[in-house]
Amino acid sequence: MASRKNCELFLVASLTLTLVLINLVEANPDGDALYALRQSLSDPDHVLESWDPNLVTPCTWFHVSCNQDQRVTRVDLGNSNLSGHIAPELGNLEQLQFLELYKNNIQGTIPSELGNLKNLISFDLYNNNLTGNIPTSLVKLTSLVFFRVNDNRLTGSVPTELRKIPSIKVFDVRNNDLCGPIPTEGPFEYIPLENFENNPRLEGPELLGLASYDTNCN
Ligand SMILES: *[C@@H]1O[C@H](CO)[C@@H](O)[C@H](O)[C@H]1NC(C)=O
Ligand SMILES: *[C@@H]1O[C@H](CO)[C@@H](O)[C@H](O)[C@H]1NC(C)=O
C-alpha cells in the first residue's frame, strides 16, 4: 500500500514539475526568438556561443541587451562574420529597439514578420547579401528613426507607405537593385538623393499629382 501511495505521489510530483518546466519555456519568448535566429545563422567566429536556450532569459547572452522587465531591447551583431538567413521568429521580439546586423554576409529575404517589431528605432541590415523586396509590412514600425539596408541585393520598389512614419531621420538604400520612383513626401523630404544611388532601375523622385506613374517595377 505504502509503495502505491509513493508511486502516486511521484506521478503527481513529476506532472507538476513538467507543468512548471513548460511554463518556464513559454515564459521566455525572447530567448526562443533569438535561439531561432542563432539556428538560422552560420557563425564561424563563435560570436553566438553564449546563446544558451536553457537559461531562463537571454539577458546574460553576449550581444543582447534587456530592459528592467528582462525583455530584449538590443541585438548587436554588426561586423560578426555571420552568414545564413534571418529567422522570421525575430519578429517576436516585442520590445526590440535596436536591430544591428550590418556588415555580415547574411543572405535570403527580409522576413515580413519584422514589421511586428513595433518598438524598433534602428533597422540596420546594411552591407549584407540580402535579396527580395523591402516588405511593406515595415510600415508598422511607427517608432523607426534609422533604416539602413544599403549595400545588399534588394529588388522591388521602395514602399511609399513608409512616408507615413514621420520619425524616420536616416534612410539609406544605396547600392541595391531597387526600381520605381523615389518617395518624396513625409520624412523623405529630408532624405538626400544620394542615399538612393546605385540602383540602376530607380526612376528618380516621384511625380506628385500625376494620376499614374508608369514603372517597369515588379
Ligand atoms: C569569417 O569566416 C570565414 C569562414 O566562413 C573565415 O574563413 C574567415 O577567416 C572569417 N573572417 C574573420 C575576419 O574572422
Ligand atoms: C552573395 O550570395 C551569392 C549566392 O546567393 C554568392 O554567390 C555571393 O558570393 C555572395 N556575395 C558575397 C559578397 O559574399
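Residues numbered from 1 in each chain as written. Chains lettered and ligands numbered in written order. Predicted model: local features only at pLDDT ≥ 70, side-chain atom pairs only at ≥ 80, totals over all residues.

### Some words on the overall build of the protein
Logical step 1: Tallying secondary structure elements over the protein gives 2 helices and 11 strands in all.
Logical step 2: Along its sequence from the N terminus, the protein presents helices and strands in the succession α-α-β-β-β-β-β-β-β-β-β-β-β.
Logical step 3: Burial statistics for the protein: of 218 residues in total, 28% are counted as buried.
Logical step 4: Of the contacts formed within the protein by residues at least 6 apart in sequence, a portion of 45% connects residues at least 24 apart. (Helix = DSSP H or I, 4+ residues; strand = E, 2+ residues; numbered from the N terminus. Buried ≥ 20, exposed ≤ 12 C-beta atoms within 10 Å, placed from the backbone. Contact = placed C-beta atoms within 7 Å.)

### Focus on the sheet that holds strand β8 (residues 146-148)
Logical step 1: With respect to topology, 6 strands assemble into an open sheet ordered β2-β3-β5-β7-β8-β9, the strand pairing being mixed. Either end of the sheet is taken by a strand with one partner, and the two such strands are β2 (64-66) and β9 (170-172). Neighbour-to-neighbour, the strand axes of the sheet open up by a mean angle of 15 degrees, direction not taken into account.
Logical step 2: Here 3 bridges tie strand β3 (residues 72-76) to strand β5 (residues 98-100), and the two strands are oriented parallel to one another. The residue of β5 that forms the bridge with Arg-74 is Phe-98. (Pairing = 2+ DSSP bridges. Axes fitted to C-alpha atoms, helices over the stretch in contact; angles between N-to-C directions.)

### Describing the environment of Arg-74
Logical step 1: Following the sequence through the fold, Arg-74 ends up in strand β3.
Logical step 2: On a C-alpha basis, the gap between Arg-74 and Leu-93 in space is 9.6 Å, while along the polypeptide they are 19 residues apart.
Logical step 3: When neighbours within four sequence positions are excluded, Arg-74 is seen to be in contact with Val-64, Ser-65, Gln-97 and Phe-98.

### What to know about the sheet that holds strand β6 (residues 105-106)
Logical step 1: Here we have 3 strands laid out as an open sheet, ordered β1-β4-β6, and mixed in their pairing. With one partner strand each, in any of the chains shown, β1 (41-42) and β6 form the two edges of the open sheet.
Logical step 2: Of the pairings in the sheet, the one linking strand β4 (residues 83-84) to β6 comprises 2 bridges and is parallel in character. Directly across from Ser-83, in β6, lies its bridge partner Asn-105.

### A few points about the nonpolar core
Logical step 1: Within the largest apolar cluster, 45 residues are counted, with the highest numbers of intra-cluster contacts made by Leu-90, Leu-96, Leu-120, Phe-123, Leu-125 and Val-149.
Logical step 2: Secondary structure elements with two or more residues in this core: α2 (29-40) and β3.
Logical step 3: Ranked by residue count, the leading element in this core is α2, at 4 residues.
Logical step 4: In this structure Leu-120 touches Leu-96, Gln-97, Leu-99, Leu-141, Ser-143 and Leu-144, once residues within four positions along its chain are discounted. (Core = buried A, V, L, I, M, F, W, Y, C linked by C-beta atoms within 7 Å.)

### What to know about unusual backbone geometry
Logical step 1: The phi dihedral of Lys-103 is positive, around 55 degrees, even though this residue is not glycine.
Logical step 2: Looking at where Lys-103 falls in the secondary structure, it is placed in the loop between β5 and β6.
Logical step 3: On the basis of neighbour count, Lys-103 is assigned to the partly exposed category, with 18 C-beta atoms found within 10 Å.
Logical step 4: Phi is positive for Asn-127, close to 60 degrees, though the residue is something other than glycine.
Logical step 5: Relative to the assigned elements, Asn-127 resides in the loop between β7 (122-124) and β8.
Logical step 6: For Asn-127, a count of 20 C-beta atoms within 10 Å translates into the label buried.

### Quick notes on α2
Logical step 1: In this model, α2 (12 residues) spans 17 Å end to end at C-alpha, consistent with the 16 Å of a helix rising 1.5 Å per residue.
Logical step 2: Of the residues making up α2, those classed as buried are Asp-30, Gly-31, Ala-33, Leu-34, Tyr-35 and Leu-37.
Logical step 3: On its buried face, α2 sits against β1, β2 and β3. (Expected span 1.5 Å × (residues − 1).)

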